[in-house]
Every structure is written in structure tokens, then in C-alpha cells.
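Here is how the chains run, residue by residue.
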Amino acid sequence: YIFDNKGNSSDYLKPSMYLPHVRYFCGTVEGHIQGLQRIMKKLDMRSKVITREGSIRIKDYNRRNPTRKLPYTYILIDEMMTLSGTLEQMGKDELPTFKNILSMMCSKYANIGLRLILFPHRIVESVISKNTYSLISTRVVVGSLNESELERSLGVSKSKFPYVLTLEGDMGIQTREINKGKASYCHAE
């Protein structure tokens, strides 16, 4: 499921038309909340299936039911900075509703196979709340020169992450699967 409020100028529009695993593309700000709420209803039904079978996590369910495996659900939300500003201008309830949905998705649905890919551009309260951000297990910072931004994003000081991300492809990454969860330097092509 792809959400990108750039509409027809989105980099994800064309792939979403042709890639068979993309189920939904939303290119309007107005559609974000309704689309995410529909996905949450599907995830609630999935949760009932998993718990009815005596499992808590999707991994356990799929291991016990190899012929009825449930797929993982990936949600990509791009341009969160613009999205937050637009939702704030739309009315008093839209931005808090969106932030609440993100918080619920990060906390309630991870065990049943939800994976969020968020592009907040900056980790600030107006874009993604600290409570939600603290629940996200993998964080990547691309090409940042700002030490405070690196510290806020990766939770490390300059002494623990002495790298400067000046070249195209320079990244800082923090995930449980790499370097025992410590912030690491990475370079992509």
C-alpha cells in the first residue's frame, strides 16, 4: 500500500500500476486517513484469524498453518512533511487522527505482519510524534550534515557516530539486525 500526496507526479505511481504486489496507491492527502483506516480494519480481521488459531504473531501462525500462510503487509508513506502541513491546514482533527493511526500501526499491528516504511524527511514532533518514532525499530538517515539531526534520528552523539554523511549514498542506519542495534555507517550506490 503506497501513500504519496504528490499524486500524478509521484515516483511510485507507475510502479504501483504494474507491480502485482502493490494493492493500493493513494495520491491525495484526503485519501490518506480513509485508506489507512481501511487497512486497519483488514489488520483487525487478520488479528482475529491469528488469535483464533492460538497464535500471537504472524510467524507462529504461518509456521502452524503452512498451507494457509498470511502475507506481510507493507505500507509506504512518502512526503510526510508536506502531508503533516496539509493535514494541519485542513482542520483541527485531521493531523491528530493521522498521528494516532500511525501510533496504533506501530504498536498494535507489528506482531501480525505490518511493516511501515515512512519518509518523514525530518524527525520532528509536527511530522511524526516521539512516541510513534520510538517504536520504529529500523532508522536510516541519508546524506545529513546536521549533527543534531543525526543525533535526533539515530539517537547517538558525534562520539558514537563520527561519520559525516556528505557524499551521495552516505547513510547512517540503526536496526536490530546490524551491529547489535548500534548506529552504523552505510553507503549505497
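Keep in mind that this is a model prediction, so the values were computed, not measured. (Residues numbered from 1 in each chain as written. Predicted model: local features only at pLDDT ≥ 70, side-chain atom pairs only at ≥ 80, totals over all residues. Heavy atoms only, no water.)

**Remarks on the packing of aromatic side chains**
Then, number 1: One pass over the structure, following the stated rule, counts four aromatic pairs.
Then, number 2: When the centroid spacing of 5.5 Å and the interplanar angle of 55° are considered together, the rings of Phe 3 and Tyr 24 count as tilted. On the criterion of sequence distance, the pair formed by Phe 3 in strand 1 (residues 2-4) and Tyr 24 in the loop between helix 1 (13-18) and strand 2 (25-26) is long-range, its members being 21 residues apart.
Then, number 3: A residue is classified by how much of its surface remains accessible, and Tyr 24, at 24% relative accessible area, is partly exposed. (Phe/Tyr/Trp six-rings, centres within 6.5 Å; stacked < 30°, edge-to-face > 60°. Helix = DSSP H or I, 4+ residues; strand = E, 2+ residues; numbered from the N terminus. Buried < 20%, exposed > 50% of the residue type's maximum accessible area, 1.4 Å probe, protein only.)

**Considerations on the sheet that holds strand 7 (residues 184-187)**
Then, number 1: With antiparallel pairing, three strands are arranged side by side in an open sheet as 5-6-7. The strands lining the two open edges of the sheet, one partner per strand, are strand 5 (139-142) and strand 7. When the angles between neighbouring strand axes are averaged without regard to direction, this sheet yields 30°.
Then, number 2: Here four bridges tie strand 6 (residues 170-174) to strand 7, and the two strands are oriented antiparallel to one another. Directly across from Asp 170, in strand 7, lies its bridge partner His 187. (Pairing = 2+ DSSP bridges. Axes fitted to C-alpha atoms, helices over the stretch in contact; angles between N-to-C directions.)

**With respect to helix 4 (residues 80-90)**
Then, number 1: Taken as a whole, helix 4 has its buried residues at Met 80, Leu 83, Ser 84 and Leu 87. Down the axis of helix 4, the smallest arc covering the buried residues is 100°, so these residues share one side.
Then, number 2: Elements that come into contact with the buried residues of helix 4 comprise helix 2 (29-52), strand 3 (73-78), helix 5 (94-108) and strand 4 (114-118). (Arc of directions from axis to C-beta. Contact = heavy atoms within 4.5 Å.)

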